[in-house]
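Spelled out from the first residue to the last, the chains are:
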Amino acid sequence: MNDDVRNIVLGVIATAVSGGFGWFSRTYLSQRALRRKQAFLGLSDGSDCLFVVNRQMGGKESSVHRNDAFALLEISALIKDCGANVQIVTHDEARQGFGERAEFCVGGPSSNARTTAHLTSMLPGVQVDVGLASDHPDRGAIRIGEERYRWEKGMVEYVLLARLTTRQGSRPVFLLSGQTANSNQAAARYLAKHHEQLARKYRRESFCILLKVINSDAYGPDVTELVGDVTGPARTPAPAVA
């Protein structure tokens, strides 16, 4: 074998080894990212999850607000990537215990009874002013500890995005509790876009963050900023009113 042939053979071998190593590295990193996503979302290959929605106010009995349907579309890609199946149920038809299956619960307590149950059980420090008159400035306001976050129609909307678990290893509930259907969709979009960062920060722990949707009349759910992590005050029972 002369030098030219040997160099060609060595080049082919080097190319094959390099290509194989690159393929292995990409496959390994892709699988690791998928496992991290599955662990964070509580979804494994072939598993089932619930998508719990409220019924549209003033709509037909089985109708869902279009923005809540869009929220499902935002999250459905994550569910599909994990190889899981989704069952859509309305809030008054969900009859499973906490942590039996992964759950995405969408809608504020004014229209979603399951959200009310999750807030009471897991985030007792959160209060939502839903019983006030429609023209009251605090109607729909979210209170967390000493802070109050008011809804300004078409200008400012707030939404809670929480990952809730009852014990290590249980399936999580993702709660998207907004002041409007638009803010619910904004939270779903935030989860879909930032799930990797959230998984790195919180791993499998519970958390609750508050998001602010700005100028929704002009931008819909597209302009959203993180107000902050409110896990501590949200999980601390509010003091009794004398």
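Coordinates for the structure precede this section.
About the criteria used
Residues numbered from 1 in each chain as written. Predicted model: local features only at pLDDT ≥ 70, side-chain atom pairs only at ≥ 80, totals over all residues. Heavy atoms only, no water. Pairing = 2+ DSSP bridges. Helix = DSSP H or I, 4+ residues; strand = E, 2+ residues; numbered from the N terminus. Axes fitted to C-alpha atoms, helices over the stretch in contact; angles between N-to-C directions. Expected span 1.5 Å × (residues − 1). Bend = angle between axes of the 7 residues up to and from the residue. Buried < 20%, exposed > 50% of the residue type's maximum accessible area, 1.4 Å probe, protein only. Salt bridge = Lys/Arg side-chain N within 4 Å of Asp/Glu carboxyl O. Contact = heavy atoms within 4.5 Å. Phe/Tyr/Trp six-rings, centres within 6.5 Å; stacked < 30°, edge-to-face > 60°. Polar contact = N/O pair within 3.5 Å; in protein donor to acceptor, adjacent residues only side chain to side chain. Arc of directions from axis to C-beta.

### Quick look at the sheet that holds strand β1 (residues 48–53)
Spatially, β2-β1-β3-β8-β7-β9-β10 is the arrangement adopted by the seven strands of the open sheet, whose pairing is mixed. At either end of the open sheet lies a strand with only one pairing partner, and these are β2 (85–90) and β10 (224–229). Across the sheet, the mean angle from the axis of one strand to that of its neighbour is 20 degrees, orientation sign disregarded. Sheet analysis places strand β3 (residues 102–106) next to strand β8 (residues 173–178), joined by four bridges and oriented parallel. Looking at β8, one finds that Phe104 is bridged to Phe174.

### Focus: the sheet that holds strand β6 (residues 147–149)
Pairing within the open sheet is antiparallel, and its three strands lie in the order β4-β5-β6. Edge strands, defined here as strands with exactly one partner in the open sheet, are β4 (126–128) and β6. Averaged over all neighbouring strand pairs, the angle between strand axes comes to 20 degrees, with direction disregarded. Taken together, the three bridges between strand β5 (residues 142–144) and β6 define a ladder with antiparallel strand orientation.

### Describing helix α2 (residues 66–81)
Given 3.6 residues per helical turn, the α-helix brings residues three or four places apart onto the same face. Here α2 spans 23 Å end to end across 16 residues, near enough to the 22 Å set by a 1.5 Å rise per residue. Approximately 35 degrees is the largest bend angle found in α2, and it occurs at Ile75. For α2, the full list of buried residues reads Asn67, Asp68, Ala71, Leu72, Glu74, Ile75, Leu78 and Ile79. Positive phi appears at Gly83, one or two residues downstream of α2, with a value of about 75 degrees.

### Things to note about the pattern of salt bridges
Here the structure, examined in full by the defined rule, presents six salt bridges. Here Glu103 ties to Arg114 by a salt bridge, and the two come within 2.8 Å at their closest N and O atoms. In this pair, Glu103 sits in strand β3 while Arg114 sits in helix α3 (residues 113–122), placing the two residues 11 residues apart along the sequence. As far as burial versus exposure is concerned, Glu103 and Arg114 are alike and both buried.

### Details of the environment of Tyr158
In this fold, Tyr158 is placed in strand β7 (residues 156–164). In this structure Tyr158 comes out as buried when scored by relative accessible area, which is 11%. As a C-alpha pair, Tyr158 and Val213 span 55 residues in sequence and 6.1 Å in three-dimensional space. For Tyr158, the contacting residues outside a window of four places in its chain are Ile142, Tyr149, Arg150, Gly178, Gln179, Ser183, Leu210, Leu211, Lys212 and Val227.

### A short note on the packing of aromatic side chains
Using the criterion set out here, one finds five aromatic pairs in the structure. Ring centres 5.4 Å apart and planes at 10 degrees place the aromatic pair Phe104 and Phe174 in the stacked group. Here Phe174 lies in strand β8 and Phe104 lies in strand β3, a separation of 70 residues in the sequence. Of the residues examined, Phe104 reaches a relative accessible area of 1% and is grouped as buried. On the basis of relative accessibility, which here comes to 0%, the residue Phe174 falls in the buried class. Aromatic side chains Tyr202 and Phe207 sit 4.3 Å apart centroid to centroid with 20 degrees between the ring planes, which places their arrangement in the stacked category.

### Thoughts on the side chain of Thr231
Turning to its location among the elements, Thr231 is positioned in helix α6 (residues 231–235). Here Asp229 takes part through its side chain, which lies 2.6 Å from a polar atom of the side chain of Thr231. Discounting chain neighbours no more than four positions away, the residues touching Thr231 are Ser206, Phe207 and Cys208.

### Remarks on α3
For α3, the set of buried residues is Arg114, Thr115, His118, Leu119 and Met122. For α3, the angular spread of the buried residues around the axis is 140 degrees, confining them to a single face. Seen from the open side of α3, the exposed residues pointing more than 90 degrees away from its buried face are Thr120 and Ser121. Looking at the buried positions of α3, the neighbouring elements they touch are β1, β3, β4, β7, β8 and α6. Where α3 begins, the capping side chain belongs to Asn112, and its oxygen is found 3.0 Å from the backbone nitrogen of Arg114.

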